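Chains, contacts and geometry: an overview
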Amino acid sequence: MQHENNEKSLSREEALALVEYMEHHNAHHAEELLEAAAALTKDESELITQSVSLLEQSSEKLRLILRKAEV
């Protein structure tokens, strides 16, 4: 399978490696965002907290993929 711009698609192993990388990457950035929230207004901080919650939901889905793939 190829993408519109004629790039070669990832292999299953490459795709799973990317999923695993992104799960770790998201966790790191979630921590950074929560630290940054301390410097923001209450409303901004609440939005950061909501954003981190969504990011964590996304990361959980990535972890589910990895569990199903037995990585």
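Everything below is about the structure printed above this text.
Let me begin by describing the structure that accompanies this report. Predicted, not measured: the structure shown is a model, and the values here were computed from it.

**Considering the packing of helix 1 (residues 12-37) against helix 2 (residues 42-69)**
Look at helix 1 against helix 2: their axes get within 9 Å of each other, and the N-to-C directions meet at 155°. Looking at the two axes, helix 1 sits roughly antiparallel to helix 2. Note that helix 1 runs across helix 2; the crossing there is left-handed. Contacts between helix 1 and helix 2 involve Arg12, Leu16, Val19, Glu20, Met22, Glu23, Asn26, Ala30, Leu33, Leu34 and Ala37 on the former and, on the latter, Ser45, Ile48, Val52, Leu55, Ser58, Ser59, Leu62, Arg63, Ile65, Leu66 and Ala69.

**Focus: the side chain of asparagine 26**
Tracing the backbone shows asparagine 26 in helix 1. When near neighbours in sequence (up to four residues on either side) are disregarded, asparagine 26 contacts Leu55, Ser58, Ser59 and Leu62.

**Looking at a nonpolar patch on the surface**
A grouping of Leu10, Leu18, Tyr21 and Met22 is seen on the molecular surface, where their side chains present a nonpolar patch of about 380 Å² in accessible area. With respect to the helices and strands, the residue leucine 10 is situated in the segment before helix 1.

**Structural notes on the pattern of salt bridges**
On inspection of all chains with the given rule, the structure shows three salt bridges. Between arginine 63 and glutamate 23 there is a salt bridge, with the nearest N and O atoms lying 2.6 Å from each other. Of this pair, arginine 63 sits in helix 2 while glutamate 23 sits in helix 1, placing them 40 residues apart in sequence. When its relative accessible area of 29% is taken as the criterion, arginine 63 is described as partly exposed. Notably, a salt bridge pairs arginine 67 with glutamate 60, separated by 2.9 Å at the nearest N-O pair. A residue is classified by how much of its surface remains accessible, and arginine 67, at 49% relative accessible area, is partly exposed.

Cut-off values and rules
- Position labels on residues start from 1 in each chain and follow its written sequence.
- Reporting of local features is limited, given that this is a predicted model, to residues whose pLDDT is at least 70; pairs of side-chain atoms are given and counted only at 80 or more, and all residues count toward the totals for whole chains, interfaces and linings.
- Excluded from the side-chain calculations are hydrogens and water; all other atoms, namely the structure's heavy atoms, are used.
- Note on method: axes are straight lines fitted to C-alpha atoms, helices fitted across the in-contact stretch only, with angles between N-to-C directions ranging 0 to 180 degrees.
- Secondary structure elements are defined from DSSP: runs of H or I of at least 4 residues count as helices, runs of E of at least 2 residues count as strands, and each element is numbered from the N terminus.
- Each angle gets one of four labels, with under 35 degrees taken as roughly parallel, over 145 as roughly antiparallel, 65 to 115 as roughly perpendicular, and the rest as oblique.
- In this scheme the handedness of a crossing depends on how the near helix is turned from the far one: anticlockwise by less than a right angle means left-handed, clockwise means right-handed.
- It only takes one pair of heavy atoms within 4.5 Å for two residues to be counted as in contact.
- What makes a patch is a set of residues exposed beyond 30% relative accessible area and free of salt bridges, joined within 9 Å when like-charged and within 5 Å when nonpolar (Val, Leu, Ile, Met, Phe, Trp, Tyr).
- All accessible-area figures derive from a Shrake-Rupley calculation using a 1.4 Å probe, and residue coverage is judged against the displayed protein chains alone.
- When a carboxyl oxygen of Asp or Glu is within 4 Å of a side-chain nitrogen of Lys or Arg, the pair counts as a salt bridge.
- Burial status follows relative accessibility: with a 1.4 Å probe on protein chains alone, a residue under 20% of its type maximum counts as buried, one over 50% as exposed, and anything between as partly exposed.

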